[in-house]
Amino acid sequence: MTVRINDILDVVSSYLPDEDLRIIEKAYVFSARVHQGQTRLSGEPYLNHPLEVAHIIANLRLDATAVVAALLHDAIEDSLTEVEDISAQFGEEVALVVNGLTKISKIDFRSEEEQQAENFRKMILAMSKDLRILLIKLADRLHNMRTLEYHTTSSQHRISRETLEIYAPLANRLGIYWLQVELEELSLKYLDPQGYQTLKAKLDTIAREKEQYLEDVMARIQSKLAESGLRTEVKGRIKHVYSVYQKLIKQGIPFEDVYDVLGVRVLVGTVAECYEALGLIHSVWKPIQSRIKDFIAMPKANMYQSLHTTVFGPGGGRIEIQIRTREMDFIANEGIAAHWRYKDGSQISERDGEKLSWLRQLLEWQKELKDPKEFLQSVKIDLYPEDVYVFTPKGEVKRFPVGATPLDFAYSVHTQLGNQCIGAKVNGKIVPLRYKLNSGDVIEILRSSKQHPSKDWLRIAKTSRAKTKIKSWLRTQEIEQSISLGREILEKKIKSLHLSKDVDYEELAKESSFEEVDDLFMSIGFGRTSVNQVLGKYAPEEQKKTQRIPGTKKKQDSSSIIVKGVEDLLVRYAKCCRPIPGDEVVGFITRGRGITVHRYTCPYVSEIDSQRLIPVEWDNNASESHEIEFSVTCVDKPGMLGFITAAIGGRNINITKMRASPISSGSSVCIFRVMVKSLGELRDLFNDIRKLKGVEKIERQ
């Protein structure tokens, strides 16, 4: 029977106020207009589909926003309607839900791999920030499955496989058992028609043949529990076709070996009565120990709670018995929807201190919200907060942690692609390397043979694979640079000693305990080996006499820094913090470029490998000048820059670079680079500048 708008309004009016009915009627008129003239494969008006979906949503007793969005869920995709039109007519909340449904509908699920199916499911969950998006999508898929007979055989197979791999597990994840079962049964009906019909016929036969047997078992349970004063409701059931089908496939057994086709469900009032009933049933029939499961103490992730036991019933037949409270039974069938539909006033039971699943946490957060509209409006969830799922240009799904960038994507495809990555196209638009991937993005990497990794990439990349590949490339380059630098240092020293004809590099390497010449060059380039030690026996006698005694400190050539216990290292001053004599400093052994000196307070020092830090100190006898940078914030008036430069010149300090620019109404900032010999000289300069009228602030960069 075709659903009419009045059928939906009748259901909704039982739990929502009249003003909500008016917005639903408005959505119906809008949907009828945008779908006018459109038909489904069955030949019926297309409008029937959104009406059916809305009816399912109404029966789940969701709020007016969900019912309206269900009526409009195909409006953007199948007509000229824009999301802005939806927002203007029905508000941003409805537009958000409809737009989310439209995005999910564009996902191409054509994959045969189980892991891909799991990625698709997680991607849908990650994209469904609002529960209503997911619930409407499931209702949409359910009606499409109910009308699948009008599709071609190939389409039936594709859609059914998709439903079985993607949507039925989502219904399970939400704990909506009846929806999961119907999706599974319909999918199997099209994927294996003969197997479905054969198995269904066998189960129907058992249901008829075992009807009286099951009635006797139920009566015996009811009588036994009543003797102990338990008020119970006992239901019999035959397993669903798909669950038996799956067991036959997984275990590779014939139908005759499936012993627990019959099932009994016992409903009691409290948790304590569940355990009492279990003991009483075990006193009547012997249980199979391995088949006793306690999902009350340890609920499933989708909120399911129940005691399960399989017993040897009358005549030795195996019977699966489920024992739960009425509340648990309702939740087992309705899942997340049970929260706002449960009317008896009791709360969903939870054990104190229990680590809850995301759905149980959701219910705990919202348990005081009795109104379904208030509940759903407050529910904005990210079911997989630590993952994003994106597409390759060929439609493959890849999973990354939140915050991942195109670099992570590129390295996941191929190392060379990562090394040459210059950016990416995301959904057809060019983005930089720092762009953060979002679920549903289609990523295409842009590359250049001239590109190569840099240390900055380690801050951009999120995944360990990408960082490992970047570090590997940098390490290789540093080794090559160290070999080249070591060779250059050694050759210069040999040339200065006029030993070019007397030195054999291979012999030098062996004498210094290196197997290869490149190992010697690399050690010199890394600063681990002194070139004077390597060439000690070749040095002229007068130079040997002047060489320092091992273990003493030696001032580096043209450097104000003394390196403790090490000689002949190249020394550079870090441009990030520009240290000067008087600053507390630390040395960093770079690969291939000697030692870089940083101020101890430099932020970079906290990020680098502490094993490569080395103690250094300033040479009090050095008179070398060092470049530093500072800023002066001052009043923006004529002559101000001249006053500052005059103060600098008055100290005989050389200015190497300066620039000035206005920063706000009436103020400017002036940046200076100057050459100073010590921290004391810099402090004196700052004191002079602070005395100038109009100077507001001075800071060292």
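Keep in mind it's a predicted model, so treat the numbers as computed, not measured.

## Looking at the overall build of the protein
Each helix and strand counted, the protein has 29 helices and 21 strands in total. Here the protein holds 701 residues, and 49% of them are scored as buried. The long-range fraction of contacts in the protein, counting pairs at least 24 apart against all pairs at least 6 apart in sequence, stands at 65%. Just so you have it, the protein exposes about 35400 Å², and 48% of that area is on carbon and sulfur atoms.

## Digging into the confidence of the model for the protein
The share of residues in the protein with pLDDT of 70 or more is 82%, and the mean pLDDT across the chain is 80. Mean pLDDT across the elements of the protein ranges from a minimum in helix α19 (residues 372-378), with 40, to a maximum in helix α3 (residues 48-59), with 94. Note that residues 339-385 has pLDDT below 50 and, in this model, 102 contacts with residues that lie over four places away or in other chains. Ignoring residues within four places in sequence, the model shows residues 542-558, a span with pLDDT below 50, making 29 contacts including any to other chains.

## A short note on unusual backbone geometry
Not every positive phi belongs to a glycine, and Asn-427 is a case in point at roughly 55 degrees. The class of Asn-427 is partly exposed, set by a relative accessible area of 49%. The backbone phi angle of Asn-652 is positive, close to 55 degrees, even though this residue is not glycine. Residue position: Asn-652 is located in the loop between α28 (640-649) and β19 (654-664).

## Structural notes on the layout of surface pockets
Space left empty within the atom packing is revealed by a probe, the size of a water molecule, rolled over the atoms. In this model, the largest pocket occupies a volume close to 1400 Å³. The wall of the largest pocket is formed by 42 residues, among which Tyr-177, Gln-180, Glu-184, Ser-243 and Gln-246 lie closest to the centre. Contributing elements (two or more residues each) for the lining of the largest pocket: α10 (153-173), α11 (177-191), α14 (241-251), β4 (307-312), β5 (318-325) and α16 (326-334).

## Focus on the packing of aromatic side chains
Within this structure, the stated rule accounts for six aromatic pairs. Measuring from ring centre to ring centre gives 6.0 Å for Phe-295 and Tyr-304, while their planes differ by 65 degrees; the resulting arrangement is edge-to-face. Residue Phe-295 shares its accessibility class with Tyr-304, and that shared class is buried. What links up through ring pairs into an aromatic cluster is the set Phe-630, Phe-672 and Phe-686. Over the ring of Phe-90 we find Lys-26; its NZ or CZ atom is 5.2 Å from the centre of that ring. Looking at Lys-210, its charged tip hangs above the ring of Tyr-213, at a distance of 5.3 Å from the centre.

## Some words on the environment of Thr-476
Tracing the backbone shows Thr-476 in helix α23 (residues 464-496). Given a relative accessible area of 38%, Thr-476 falls into the partly exposed group. A polar side-chain atom of Thr-476 sits 2.9 Å from the main-chain carbonyl oxygen of Ser-472.

## Let's talk about the sheet that holds strand β21 (residues 695-700)
An order of β19-β20-β18-β21 is seen for the four strands of this open sheet, with the pairing classed as antiparallel. Each edge of the sheet is formed by a strand with only one pairing partner; in this case those strands are β19 and β21. Strand after strand, the sheet turns through a mean of 20 degrees between neighbouring axes, direction not considered. Pairing of strand β18 (residues 626-635) with strand β20 (residues 667-676) involves 10 bridges; the strand directions are antiparallel. The residue bridging His-626 from the neighbouring strand is Val-676, located in β20. Relative to the sheet, helix α29 (residues 679-690) contacts β18, β20 and β21, its axis offset from that of β21 by approximately 165 degrees.

## Regarding the packing of helix α13 (residues 211-227) against helix α15 (residues 271-284)
If you want to describe how two helices pack, look at the angle between their axes and the distance between the axes. Where α13 contacts α15, the axes come no closer than 10 Å and their chain directions differ by 120 degrees. With respect to α15, the axis of α13 lies oblique. The crossing of α13 and α15 is right-handed. In contact with Arg-220, Ile-221, Lys-224 and Leu-225 of α13, α15 contributes Ala-277, Leu-280, Ile-281, Ser-283 and Val-284. When its residues are assigned to classes, the contact of α13 with α15 shows six nonpolar, one polar and two charged.

## A few points about a negative patch on the surface
On the surface, Asp-504, Glu-506, Glu-515, Glu-516 and Asp-518 cluster together into a negatively charged patch. Topologically, Asp-518 is positioned in helix α25 (residues 517-526). Overall, Asp-518 belongs to the partly exposed group, its relative accessible area being 38%.

## Points about the side chain of Thr-596
Structurally, Thr-596 is set in strand β15 (residues 595-599). Within polar-contact distance, the side chain of Thr-596 engages the side chain of Arg-572 at 3.0 Å. Residue contacts for Thr-596: discarding those within four places in its chain leaves Arg-572, Tyr-573, Ala-574, Val-586, Gly-587, Phe-588 and Thr-590.

## With respect to the pattern of salt bridges
Side chains bearing opposite charge may pair, as long as their charged atoms lie close to each other. Under the definition given, this model contains 16 salt bridges. Residues Asp-63 and Arg-132 are paired through a salt bridge, measuring 2.7 Å at the closest nitrogen-oxygen approach. Within this pair, whereas Asp-63 is found in the loop between α3 and α4 (64-72), its partner Arg-132 is found in helix α9 (residues 131-146), the two being separated by 69 residues in sequence. Within the structure, one salt-bridge network assembled from shared partners comprises Lys-235, Arg-265, Arg-324 and Asp-329.

What counts and how
- Residues numbered from 1 in each chain as written.
- Predicted model: local features only at pLDDT ≥ 70, side-chain atom pairs only at ≥ 80, totals over all residues.
- Heavy atoms only, no water.
- Helix = DSSP H or I, 4+ residues; strand = E, 2+ residues; numbered from the N terminus.
- Buried < 20%, exposed > 50% of the residue type's maximum accessible area, 1.4 Å probe, protein only.
- Contact = heavy atoms within 4.5 Å.
- Areas by Shrake-Rupley, 256 points an atom, 1.4 Å probe, with all protein chains shown as cover.
- pLDDT = per-residue confidence, 0-100.
- 1 Å grid on protein atoms, 1.4 Å probe; cavity = no way out; pocket = protein on both sides within 12 Å on 5 of 7 lines; lining within 4 Å.
- Points joined across faces, edges and corners; volume = space filled by probe spheres on them.
- Phe/Tyr/Trp six-rings, centres within 6.5 Å; stacked < 30°, edge-to-face > 60°.
- Lys NZ or Arg CZ within 6 Å of the ring centre and 35° of its normal.
- Polar contact = N/O pair within 3.5 Å; in protein donor to acceptor, adjacent residues only side chain to side chain.
- Pairing = 2+ DSSP bridges.
- Axes fitted to C-alpha atoms, helices over the stretch in contact; angles between N-to-C directions.
- Parallel < 35°, antiparallel > 145°, perpendicular 65-115°, else oblique.
- Left-handed = near helix turned anticlockwise from the far one by under 90°.
- Nonpolar A, V, L, I, M, F, W, Y, C, P; charged D, E, K, R; others polar.
- Patch = residues over 30% accessible without salt bridge, like charges linked within 9 Å, V, L, I, M, F, W, Y side chains within 5 Å.
- Salt bridge = Lys/Arg side-chain N within 4 Å of Asp/Glu carboxyl O.
- Lys, Arg positive; Asp, Glu negative; His and termini not counted.
- Charge placed at Lys NZ, Arg CZ, Asp CG, Glu CD.

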